[in-house]
Amino acid sequence: MNIPMKRKFTRPARLGLVALAAAAAVALSGCSGGSTASEAGTTHITVGAPTSVFSVPVRYGIESGIFEKAGLDVEVVDIKSTSDGAALLANGEIQFSQADVHNTILARSQGTDLAIAAPMAVTATEPPADGIGFGNLLVLEDSGLSSPKQLEGRKIGTNTIGGTAYLDFVQKLKSEGVEMDKVEWIQVPGPQLVSALRQGQVDAITVAEPNGTIALQQGGVKVLDNADDAMKGAPNFGYASSLKWLQENADTAKKFQAAVLEANKAINADRAKAEETIAGYMDLDAEVVKNVRLPHYAEEPFTPAAVQPVADRLVEFGVLAKDKMPSLDDVVWAQ
């Protein structure tokens, strides 16, 4: 396997994120794809979401009738990545798409019309009691590594240098006293991270669920650290849309946000609902579904003040210059 990029912490890279944002800026300018009203009086909208545990609540909201009760006929369009979702938004083919706050800020800085319309997930306020979180740092069981400090002088694989997982672990490891200029980050495509670790090409990897649970059940690896509480409750994922579309379809957008929050709360309150929903759309072994760690789904709307820590971190770690920071009032759509 060829590993395409190496970086020291002292020179983080934005990589394809800015390129994606620039491309989206051209496409989204003036874009305002519309929803449609059905014969039953409900409004049909489409939502782009990868086949991941992040989208459990929106899929549960469809199955349980939460969206129907709100007067919405919601259809989920499976996307391979958030960049695919941005492209569909740009073409007016969908009205909402999963997006992380980090990339939405970068996209706005490049002139796109993207804004977070409804909340999906927030980071934890406390680390998981058993040390295994939604986002974990895995090492080989026989690596001899037993503490984050031992990562100094080692290589860590991550899917995007400058991306959310990278910044979460940089922030967490720094807080634990790791000298980050002594850590080498290696960019590895997400599907190849576990094999890169097992083949000894890196000493540790950042991995999110359900891939972490799958790797642990396969054996030979262990969790060295997790970054679930890296930002202590800050928003990290939401549903983005065109700000112009949101302004022109405010009533529909408000209904969608309220229904998403209701679904989020229902899933947070009942693990069984999550497992049943996951089994319906993800091809996972029953044991993985039983043990997979879920993100904490947001129970309050995002606000500009709430996403400020995300913006501050982008500046602190050199991903976005302070004078290029967009107004957070435009990053988060306010009712």
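Residues numbered from 1 in each chain as written. Predicted model: local features only at pLDDT ≥ 70, side-chain atom pairs only at ≥ 80, totals over all residues. Heavy atoms only, no water.

Caption draft 1: Highlighting the overall build of the chain. The helix and strand inventory of the chain stands at 14 helices and 13 strands. Of all 335 residues assigned to the chain, the portion counted as buried reaches 51%. For the chain, the share of sequence-separated contacts (at least 6 apart) that also reach a separation of at least 24 residues comes to 83%. When the accessible area of the chain is evaluated, it comes to approximately 14100 Å², of which 47% is carbon and sulfur surface. (Helix = DSSP H or I, 4+ residues; strand = E, 2+ residues; numbered from the N terminus. Buried < 20%, exposed > 50% of the residue type's maximum accessible area, 1.4 Å probe, protein only. Contact = heavy atoms within 4.5 Å. Areas by Shrake-Rupley, 256 points an atom, 1.4 Å probe, with all protein chains shown as cover.)

Caption draft 2: Here's a closer look at the packing of aromatic side chains. Taken as a whole and judged by the stated rule, the model has seven aromatic pairs. Aromatic side chains phenylalanine 54 and phenylalanine 237 sit 4.3 Å apart centroid to centroid with 35° between the ring planes, which places their arrangement in the tilted category. Of this pair, phenylalanine 54 sits in the loop between β3 (43-49) and α2 (56-64) while phenylalanine 237 sits in strand β12 (residues 235-242), and the two are 183 residues apart along the sequence. Across the pair, exposure class does not vary: phenylalanine 54 and phenylalanine 237 are buried alike. (Phe/Tyr/Trp six-rings, centres within 6.5 Å; stacked < 30°, edge-to-face > 60°.)

Caption draft 3: A look at unusual backbone geometry. Between glutamate 209 and proline 210 the backbone carries a cis peptide bond, its omega angle lying at 5°. Tracing the chain through its elements places proline 210 in the loop between β10 (204-208) and α8 (211-218). A positive phi angle, near 50°, is found at lysine 232, a position not held by glycine. Note on lysine 232: relative accessible area 49%, which makes it partly exposed.

Caption draft 4: Main features of the nonpolar core. If you look at the biggest cluster of nonpolar residues, it comprises 46 residues, and the most contacted ones within it are Ile105, Leu137, Leu151, Ile156, Leu173 and Trp185. The set of elements that each furnish at least two residues to this core consists of α4 (82-90), α5 (101-109), β6 (114-122), β7 (135-140), α6 (164-175), α13 (308-316) and α14 (328-331). Top element by residues in this core is α6. It accounts for five residues. Not counting residues within four places of it along the chain, the set of residues in contact with isoleucine 156 comprises Leu137, Leu151, Leu173, Val183, Glu184, Trp185, Ile186, Val202, Ala204, Ile205 and Thr206. (Core = buried A, V, L, I, M, F, W, Y, C linked by side-chain atoms within 4.5 Å.)

Caption draft 5: Structural detail: the packing of helix α10 (residues 250-269) against helix α11 (residues 271-281). Packing of α10 against α11 leaves a shortest axis separation of 5 Å and a crossing angle of 105°. Accordingly, the angle class assigned to the pair α10 and α11 is roughly perpendicular. For the pair α10 and α11, contact is made by Ala266, Ile267 and Ala269 and by Arg271, Lys273 and Ala274, respectively. Per-class residue counts for the contact of α10 with α11 are four nonpolar, no polar and two charged. (Axes fitted to C-alpha atoms, helices over the stretch in contact; angles between N-to-C directions. Parallel < 35°, antiparallel > 145°, perpendicular 65-115°, else oblique. Nonpolar A, V, L, I, M, F, W, Y, C, P; charged D, E, K, R; others polar.)

Caption draft 6: A look at α2. Among the residues of α2, Val56, Pro57, Val58, Arg59, Tyr60 and Gly61 are the ones counted as buried. After α2 finishes, the residue glycine 65 shows a positive phi value of roughly 90°.

Caption draft 7: View of the pattern of salt bridges. Applying the stated criterion across every chain yields a total of 17 salt bridges. Among the ionic pairs, lysine 149 bridges to glutamate 152, the shortest N-O distance being 2.8 Å. The residue aspartate 251 makes a salt bridge to lysine 255 at a minimum N-O spacing of 3.4 Å. On the criterion of helical spacing, the pair formed by aspartate 251 and lysine 255 is a turn pair, its members being four residues apart in helix α10. (Salt bridge = Lys/Arg side-chain N within 4 Å of Asp/Glu carboxyl O.)

Caption draft 8: Structural detail: the side chain of asparagine 226. Examined against the element boundaries, asparagine 226 turns out to sit in strand β11 (residues 221-226). A relative accessible area of 4% means that asparagine 226 is categorised as buried. Among the polar contacts made by the side chain of asparagine 226, one reaches the main-chain carbonyl oxygen of glycine 131 at a distance of 3.2 Å. With sequence-adjacent residues up to four places away left out, asparagine 226 is seen in contact with Pro128, Gly131, Gly133, Gly135, Asn136, Phe169 and Lys172. (Polar contact = N/O pair within 3.5 Å; in protein donor to acceptor, adjacent residues only side chain to side chain.)

Caption draft 9: Up close: the environment of glycine 233. Position of glycine 233 relative to the elements: it lies in the loop between β11 and β12. Residue contacts for glycine 233: discarding those within four places in its chain leaves Val122, Thr123, Ala124 and Thr125.

Caption draft 10: Just the packing of α6 against α13, in detail. Two elements in contact, α6 and α13, have axes separated by 11 Å at closest approach and are oriented at 80°. In terms of axis orientation, α6 runs roughly perpendicular to α13. For the pair α6 and α13, contact is made by Thr164, Leu167, Asp168, Gln171 and Lys174 and by Arg313, Leu314 and Glu316, respectively. Each residue belonging to the contact of α6 with α13 can be placed in one class, and the counts come to two nonpolar, two polar and four charged.

Caption draft 11: Looking closely at the confidence of the model for the chain. Of all residues in the chain, 88% attain a pLDDT of 70 or more, and the chain-wide mean is 90. Under a pLDDT of 50 for its full length, residues 1-5 has, in the predicted model, 15 contacts with residues more than four places off or in other chains. (pLDDT = per-residue confidence, 0-100.)

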